[in-house]
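Here is what each chain is made of, one letter per residue.
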Amino acid sequence: MHVPPLGALLTFAGHKGYALAAMCEILGGALSGGQTTHQASLQESVDAIFNCMTTVILNPELFDAPEMHQQADAFIDWVKQSPHDPNEPIQVPGEWEAHNRATRLAQGIPLDESSWNAICEAALAAGMPDSELQQFRSRLA
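Every value quoted in this text rests on a predicted model; they were computed, and no experiment measured them.

Asks: Is there a simple way to think about the packing of aromatic side chains in this case?
Replies: Applying the stated criterion to the full structure yields one aromatic pair. Arranged with centres 6.2 Å apart and planes meeting at 40°, the rings of F75 and W78 form a pair that is tilted. Of this pair, F75 and W78 both sit in helix α2 (residues 66-80), three residues apart, which is roughly one turn of that helix. Look at W78 and you get exposed, because its relative accessible area is 57%.

Asks: Just to check I follow, could you spell out the environment of L133 for this structure?
Replies: With respect to the helices and strands, the residue L133 is situated in helix α5 (residues 130-140). Measuring from C-alpha to C-alpha, the distance between L133 and E121 comes to 9.9 Å, with twelve residues separating the pair along the chain. Residues in contact with L133, not counting those within four places in the same chain, are C120, L124 and M128.

Asks: In this structure, what is going on with the pattern of salt bridges? I would like to understand it.
Replies: Opposite charge on two side chains permits pairing when their charged atoms draw close. This model, assessed by the stated rule, comprises one salt bridge. Residue K80 pairs with E95 through a salt bridge whose shortest N-O separation is 2.8 Å. Linking K80 in helix α2 with E95 in helix α3 (residues 95-107), this pair joins segments that are 15 residues apart in sequence. Since its relative accessible area comes to 27%, K80 is described here as partly exposed. On the basis of relative accessibility, which here comes to 28%, the residue E95 falls in the partly exposed class.

Asks: Got a minute to help me understand α3 in this structure?
Replies: Structural remark: α-helix, 3.6 residues per turn; residues separated by three or four positions point the same way. With 13 residues, α3 extends 18 Å from end C-alpha to end C-alpha; this agrees with the ideal 18 Å at 1.5 Å per step. G108 lies just past α3 and shows a positive phi near 90°.

What counts, and at which threshold
Residues numbered from 1 in each chain as written. Predicted model: local features only at pLDDT ≥ 70, side-chain atom pairs only at ≥ 80, totals over all residues. Heavy atoms only, no water. Phe/Tyr/Trp six-rings, centres within 6.5 Å; stacked < 30°, edge-to-face > 60°. Helix = DSSP H or I, 4+ residues; strand = E, 2+ residues; numbered from the N terminus. Buried < 20%, exposed > 50% of the residue type's maximum accessible area, 1.4 Å probe, protein only. Contact = heavy atoms within 4.5 Å. Salt bridge = Lys/Arg side-chain N within 4 Å of Asp/Glu carboxyl O. Expected span 1.5 Å × (residues − 1).

See the structure below:
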């Protein structure tokens, strides 16, 4: 798509995939105030890729539709019963984040040694006394 001859990616699922891709292009490009892909917007350089985005957020709590909630819950229950690895349960949007938040609130945020060293260097460069930094290091050890 981004090398000559420039063109479009082949969509999946036939006409449904084509319609989904076209909708995403229009929402992500035209509606966002950016641009869509067409002959005049194609760039000769692969370094000139543009990416625009439109986000549509719906809060189901604002809809007075109890049947919708029942149907959504029934669908989620059905999806979660699909054959899968019991060690990796099927999750719906928000569950992964909620699980990680609970885990990190209980156990802290994992941090690799390289990142921790970079934070310590930045703290020292910003003027944090080494003695204060050593207090943090001793609490984390």
